[in-house]
Structures are given as structure tokens and as C-alpha cells.
Amino acid sequence: NMDAPVLVCAVTLLTTLQMAYFTRRVGYSRLAHKIKPPATTGHPEFERAFRAHQNCVEFYPLFLVSMWSCGVFFSEPIAAAGGLVFIVGRLLYFNGYIRETHKRLPGFWVSVAVFFSLSFLGMIGIVQEILHKYFYIYS
Amino acid sequence: NMDAPVLVCAVTLLTTLQMAYFTRRVGYSRLAHKIKPPATTGHPEFERAFRAHQNCVEFYPLFLVSMWSCGVFFSEPIAAAGGLVFIVGRLLYFNGYIRETHKRLPGFWVSVAVFFSLSFLGMIGIVQEILHKYFYIYS
Amino acid sequence: NMDAPVLVCAVTLLTTLQMAYFTRRVGYSRLAHKIKPPATTGHPEFERAFRAHQNCVEFYPLFLVSMWSCGVFFSEPIAAAGGLVFIVGRLLYFNGYIRETHKRLPGFWVSVAVFFSLSFLGMIGIVQEILHKYFYIYS
């Protein structure tokens, strides 16, 4: 498939594998602290791991939309590079949160910055495309 | 990218920004009621805001699939218009839920109606496309 | 739209309807055990239904990425068939979890096997495509 933005697809698959890895880390934390499903409380470290993962779950579709908007309508390499930075940001976030609640913040801000940057660039590309396709305005 | 359904892409990005806004509102509710992460309980209003957001998180990928199915296989303007109605429905849902649990229902039913309508139209388009592509049947 | 992988689109829409069905089953479990939202605890069976659904919510975007990676870059019929197996796996998982916590495991391993298989095949296709598109290497 020559038309698919393959770099964005590659980074999408990498982020998915990272999400699977985070899920697994929550499972290990369950075992380490002997917290049986369906319980989601019982030890502060497990609770932080659980919440860190939940936050990643909430964020993930939003990140994908921002990366794909930028990748399809603005620039594929910028979108893919942003996605790689997001992966680093989420790793910092996850590891930080498990150590101490406030240590989630540096990675959190990295992810938020990537999300808004890619959304903004994607929005520029989408508005240009709408002007072009429906109003015959070329920028 | 002339082939991408740009109206559906635009509405997808808008729904993502709405989801980011809901996330932020939960964060504000945390601050207002002094509930520190990773806790997710402690004040009824925060608990309603938290659950309203969780429901949006659960619903979001399902909505995206319904809007894209309709947009790619049935009608792009109908899909995009349905997406805008969904945005209004989710705002009613979120604001209603925070005020009182049962006030979430009008917005809930709006979102559910959009989801099933777009899924149904998308399914018609997908079945026609499968008949056409694999069975050489034209409707 | 002749170019969209319509079999993968059809299975995507089916998985979304399955997710809507799981959401509804959690709602029925709320009613059966008289647990009013926003509460998410109160009866072991409801708590298992709730957690089974949450796990499906977490898994869903990851599954979609794996199926689409395989469908676009490796083989559309294999991806769609994998998706149908995933649907069966999730049904086993959900029904098993509600009966007893450890009965979630057979369906869980089916879903995980589908996820990793489709991700692996997708990754092969993506690497070949990158070698081809950016390094002019044909395999």
C-alpha cells in the first residue's frame, strides 16, 4: 500500500506495543502486591501504577487522532517524530508516577505538548484542505 | 491529501479537543475538591465528573468507528453532521451528569442515537461494498 | 470507496457493536444488583462485569491498530479472520469473567494471541514497506 503514511503507521504500532507493555507492568504490580482482580486498590504503588495506566488509556485515542491529523494533512515526518517524542514522554510519565505521584508531571507535560502541537499542525492542514476542496482557495 | 474524507477528519479532531477539555474539567474538579491523584473518590460531584469522563472515554472509539464507517461507505456530510450532533450530546451529558446523575440521560440518548444511526448507515454502505467487490452485485 | 479494506472495516464495525453490547451488559448488571451510577462497587458479580468491560475498553484500540496494521500492510483476509477470532475470544473472556475471575483466562489468551499475531504480521509488512519506499529495497 504505497499511499498509506507508513512512518505514522509504524509509530502507531510502536505506541500500541508500548501500551501493551504498560498493561503488563500493571499486571506485574498486581502480582507483586498480591492484589487479585477485579480489585483495583490495596497498595499505594499498585494504585499509582493502575492510575498511570488508566491515564495512558484515556490519552491514547486522542494522541492517535492528533498524530494522524498532522501526518495526513500537514507533514508525515513531523507527525512520526512527534509520536516518538510522545513514546518517551509516556515512559517518563509512567515510571515517574509509579515512583511518586508528582514525578508523573515532566512526562505528562511532554505528552500534552506533543498532543497540542500535532493537533494544531493537523488543524492548519485540515483548514487549508477544506478551503481548497470546498471553497477553491489555494494558500 | 485529496482523498481523505476531510470533513470527517475535521470533526474527529474537534471531538478529540472536546475529550481533552473534559479531561481538564475532571482535573479542575480534583483541585476544587482537593482530591489528589491517584484517588478517584472523595466527593460526590468529583465522582460524577470522573464517571462522566470515563463514560466518554469508553464511548469515544465506538463513536469514531461509527462516524468513519458512515463517512467512508455511506455519506461524508451525514457522518460529519452526525459527529457535530454527537459533540452537542456529549456536552449535555457531561454537564448534566456533573449537576445530577439522572440529568446525564438526555445527552446520553442523543449520543446513543447518533452512534446507532451512523453505525446502521455505515453497515448499509459496507454490505453494498462487499456485494459489489466480492460478489459483483450492484445495487 | 474501492480502496478501503472493506473486510477489515466490516470487522471493525462488528467489534464496535460487540463493545456496545458489553457496555449494555454492565448496565443490566447495575440494574440487577441495584448499583446506581456513579458507584462502581457494591456486588462481586457487578464488579467482575465492570472490570471485564474496562479491560475490553483498554484492549480495544490496541486490537484495532494490530488488525489494521496487518490488514493494510500484510493481508486483509488474515486481518479480518483474526478480528473474528478476537470477537470470539472477547465473548469468552467477558462471559467467563462474570462467572468467575479465573474463567476469564481462556478468552484472555485468545485475544492476546490474536493481538500479537496481527501486530507481528503488520510489523513485517510495515518494515517491508519502509525498506521499499525509503531505501528502494524489494523483498
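Since we're looking at a predicted model, the values are computed, not measured.

A. Highlighting the UniProt feature "transmembrane region" (unreviewed entry) in chain A. All names here are of chain A. Here, UniProt's "transmembrane region" (unreviewed entry) annotation points to residues 72-93 and 105-127. Annotation note: span residues 72-93, helix share 91%, strand share 0%, distance between end C-alpha atoms 27 Å. The distance separating the terminal C-alpha atoms of residues 105-127 is 32 Å; by composition the span is 100% helix and 0% strand.

B. Looking closely at helix α2 (residues 44-73) of chain B. In this model, α2 of chain B (30 residues) spans 43 Å end to end at C-alpha, consistent with the 44 Å of a helix rising 1.5 Å per residue. Maximal helix bending in α2 of chain B amounts to about 35°, located at Phe-59 of chain B; proline Pro-61 of chain B follows within four positions.

C. Here's a closer look at the pattern of salt bridges. Residue and element names in this part refer to chain B. Throughout the structure, instances matching the rule amount to 3 salt bridges over all chains. Put simply, Glu-100 and Lys-103 hold a salt bridge, and the shortest N to O gap is 3.5 Å. Under the relative-accessibility criterion, Glu-100 is labelled partly exposed at 36%. A relative accessible area of 36% places Lys-103 in the partly exposed class.

D. Representation of the side chain of Gln-18 of chain B. Residues and elements named next belong to chain B. Here Gln-18 is to be found in helix α1 (residues 6-32). The exposure class of Gln-18 is buried, given its relative accessible area of 10%. Those residues in contact with Gln-18 that sit more than four places away from it in its chain are Ile-87, Arg-90 and Leu-91.

E. Broad picture of the packing of aromatic side chains. Considering all chains together, one arrives at 30 aromatic pairs over all chains under this definition. A ring pair is formed by Phe-46 of chain C and Phe-50 of chain C, whose centres lie 6.0 Å apart and whose planes are at 35°; its orientation type is tilted. You can see Phe-46 of chain C and its partner Phe-50 of chain C sitting in helix α2 (residues 44-73), 4 residues apart, about one turn around the helix. Judged by its relative accessible area of 9%, Phe-50 of chain C is buried. Centre to centre, the rings of Phe-59 of chain C and Phe-86 of chain C are 5.4 Å apart; their planes meet at 75°, and the pair counts as edge-to-face. Taken as a pair, Phe-59 of chain C in helix α2 and Phe-86 of chain C in helix α3 (residues 76-99) lie far apart in primary sequence, 27 residues in all. Here the two residues Phe-59 of chain C and Phe-86 of chain C agree in accessibility, since each one is buried. Cluster of aromatic residues (ring-pair linked, three or more members): Phe-59, Phe-63, Phe-86, Phe-115 and Phe-116 of chain A. Lying over the aromatic face of Tyr-93 of chain A, Arg-90 of chain A brings its terminal NZ or CZ to 4.3 Å of the ring centre.

Thresholds, definitions, all that
The residue count restarts for each chain, going from 1 along the sequence in the order it is written. For naming, the first written chain is A and the first written ligand is 1, with later ones following in the order written. Local features are withheld for residues below a pLDDT of 70 in this predicted model, meaning they are given only at 70 or higher, and side-chain atom pairs are given and counted only at 80 or more; totals for whole chains, interfaces and linings count all residues. Remark: hydrogens and water are excluded; side-chain values derive from all non-hydrogen atoms of the structure. UniProt positions are given in the numbering used here, feature names are shortened, and annotations may be inferred rather than shown by experiment. Secondary structure elements are defined from DSSP: runs of H or I of at least 4 residues count as helices, runs of E of at least 2 residues count as strands, and each element is numbered from the N terminus. One less than the residue count of a helix, multiplied by 1.5 Å, gives the span that helix is expected to have. Throughout, bend refers to the angle between the axes fitted to the seven residues that end at a position and the seven residues that start at it. By definition, a salt bridge exists where a carboxyl oxygen of Asp or Glu is found within 4 Å of a side-chain nitrogen of Lys or Arg. Only protein chains enter the accessibility calculation, which uses a 1.4 Å probe; a residue is then buried when its area is under 20% of its type maximum, exposed when over 50%, and partly exposed in between. When checking whether two residues touch, look at their non-hydrogen atoms; a contact exists if any pair is within 4.5 Å. Stacked, edge-to-face and tilted labels apply to pairs of Phe, Tyr and Trp rings (six-membered ring for Trp) whose centres lie within 6.5 Å, assigned for plane angles under 30 degrees, over 60, and everything in between, in that order. Here, over-ring charges are defined by two tests on the NZ atom of lysine or the CZ atom of arginine: distance to the ring centre within 6 Å, and angle to the ring normal within 35 degrees.

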